[in-house]
Amino acid sequence: MVVVHRTMFKLMGVVNPAGLGAARFQSMSTQQQDLHSTKLEIELAPKLKVKPAAEGLAFGHHFTDHMLTVSWNSRRGWGRPKIRPFQNFSLHPASKVFHYAQELYEGMKAYRGIDGQVRLFRPSLNMDRMNMTAERSCLPNFDSNQLLECIRKLIVIDLDWVPSSLSSSLYIRPTMIGTEGTLGLGPSAEATLFVILSPVGSYFSAKGIKPVNLLCDPRFVRATPGGCGYTKMGSNYAPTLWVQKAAEAEGCEQVLWVFGEDQQVTEVGAMNIFTLMKTDAGCELVTPPLTSGTVLPGVTRRSILELAMAKPGLTVSERKITLPEILTAQAEGRLLEMFGSGTAAIVSPVGGLKYNGVLHKVPTPQFGLASQFLQQLNDIYYGNIEHPWAVDVLGTNFTEEEADVTSVSLDIKS
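Residues numbered from 1 in each chain as written. Predicted model: local features only at pLDDT ≥ 70, side-chain atom pairs only at ≥ 80, totals over all residues. Heavy atoms only, no water.

A.B. asks: Explain the overall build of the protein chain to me, using residue names and the numbers behind them.
C.D. replies: In terms of regular secondary structure, the protein chain is built from eight helices and 19 strands. Out of the 414 residues in the protein chain, the part that is buried amounts to 55%. Relative to all contacts within the protein chain whose residues are 6 or more apart in sequence, the contacts with residues 24 or more apart total 74%. With an accessible surface of roughly 17900 Å², the protein chain has 53% of that area assigned to carbon and sulfur atoms. (Helix = DSSP H or I, 4+ residues; strand = E, 2+ residues; numbered from the N terminus. Buried < 20%, exposed > 50% of the residue type's maximum accessible area, 1.4 Å probe, protein only. Contact = heavy atoms within 4.5 Å. Areas by Shrake-Rupley, 256 points an atom, 1.4 Å probe, with all protein chains shown as cover.)

A.B. asks: With reference to specific residues and values, describe the pairing of strand 2 (residues 66-73).
C.D. replies: The element strand 2 is largely enclosed, with a buried count of seven among its eight residues. Sheet topology note: the strand 2/strand 4 (residues 82-85) ladder contains four bridges and is antiparallel. Residue pairing across strands places His 66 opposite Pro 85, the latter belonging to strand 4. By the bridge criterion, six bridges tie strand 2 to strand 9 (residues 190-200) in an arrangement that is antiparallel. Of the residues in strand 9, the one forming a bridge with Leu 68 is Val 195. (Pairing = 2+ DSSP bridges.)

A.B. asks: Residues and numbers for the nonpolar core, please.
C.D. replies: In terms of nonpolar packing, the biggest core is built from 39 residues, with Leu 68, Phe 142, Ile 155, Ile 172, Met 176 and Leu 193 touching the most fellow members. Secondary structure elements with two or more residues in this core: strand 2, strand 6 (108-112), strand 7 (118-121), helix 3 (123-136), helix 4 (144-157), strand 8 (169-178) and strand 9. Counting residues per element, this core draws most heavily on helix 4, at eight residues. Once you skip the residues sitting within four places of it in the chain, Met 176 turns out to touch Trp 78, Gln 102, Glu 103, Leu 104, Met 130, Ala 134, Leu 139, Pro 140, Phe 142, Ala 191, Thr 192 and Leu 193. Of all hydrophobic cores here, the second largest spans 25 residues; its members include Ala 308, Leu 369, Leu 374 and Tyr 382. (Core = buried A, V, L, I, M, F, W, Y, C linked by side-chain atoms within 4.5 Å.)

A.B. asks: Run through a nonpolar patch on the surface, naming residues and quoting values.
C.D. replies: On the surface, Tyr 100, Leu 183 and Leu 185 cluster together to form a nonpolar patch covering roughly 340 Å² of accessible area. Looking at the element boundaries, Tyr 100 is found in helix 2 (residues 96-100). (Patch = residues over 30% accessible without salt bridge, like charges linked within 9 Å, V, L, I, M, F, W, Y side chains within 5 Å. Salt bridge = Lys/Arg side-chain N within 4 Å of Asp/Glu carboxyl O.)

A.B. asks: If you had to explain the environment of Val 97 to someone new, which residues and values would you point to?
C.D. replies: Counting through the fold element by element, Val 97 comes out in helix 2. In this structure the C-alpha to C-alpha distance between Val 97 and Ser 188, which are 91 residues apart in sequence, comes to 8.7 Å. Among all residues touching Val 97, those that are not within four sequence positions of it are Gln 102, Glu 103, Ile 177 and Gly 178.

Fair warning: the whole summary comes from geometry, so function is off the table for now.
So, in structure tokens, the structure goes:
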């Protein structure tokens, strides 16, 4: 069984505040069965759905014909992965996920390029993060490449669901939940990993990218050091919904999350945050570091950092940045740009910061860094340029193993 050790945390640039490397979770048992893509079973849907138009797709409202499920328990380990028709679950009312929020999820996308080729974007990073969150959640770990190969074959089966529009994509939602039907507070001895697919349109309306205003209120905290802010658990997001409503009541679209007496900036809404400022030496692009454990190690965040490092004359920093520092730069005319980054929006420019009832305007240059990074990433997603971050779905096998697919005969390119 693959276990996430401190080397993986170091790779992701994340510290493990609770010292979980010394813990002994069920997932560490060497007697359990690993997750194997070679054991994949496939059951095709007898009737296919009518696909929605590619233009105007709302986020997460439509789902493809099939889904992937894999069961796990502490005695056996992983069961056979199954691709089957999209369907509801039947769960015990006492399942741990319902009572103690023992669950996690990931967010990825597949893009149909200008050449018709379907690509994933740096999917191994999502698997690394999913395993990291699984360890922190006391849920089982898995071999990243084995799960990626199962996901790849799911996409191939539902390949026609990947929109042809260059403003749309196929959203991929891997999820794991604790399903043991007992009320005792403790790690679930049973779990289900599942993956569903959803065609989605652009995060922005047809009118294009609209800068967002952020509510900056230090009374509201998303995550603190020692907590789970660096993981992708649903329990990190439900408590933010009420604050989001408070932001909307203030005329803002999102929340800028800060914590501590010095008002350290962490994230914006459900995205990572970047700030561009003038300095004596030129320009500095700053994003909060991962070392505090309060910031999610976003795949888009990491990609923007790597793209930014190639820009001449730009200083790129992962360091602590506070709200007072940003407001001072704004007052002095040194604040050049702010934007959020994430899988859904890719890049979202910030137009204003509302603090103590005052809206402080933030510049949104038409050809600023936000628009440059958005264009660079879109070029990679949709195949305008060849790039190692883009993984060809039909031309890749993540395991290079001969599949032992059962239940049906299906021509899947491997």
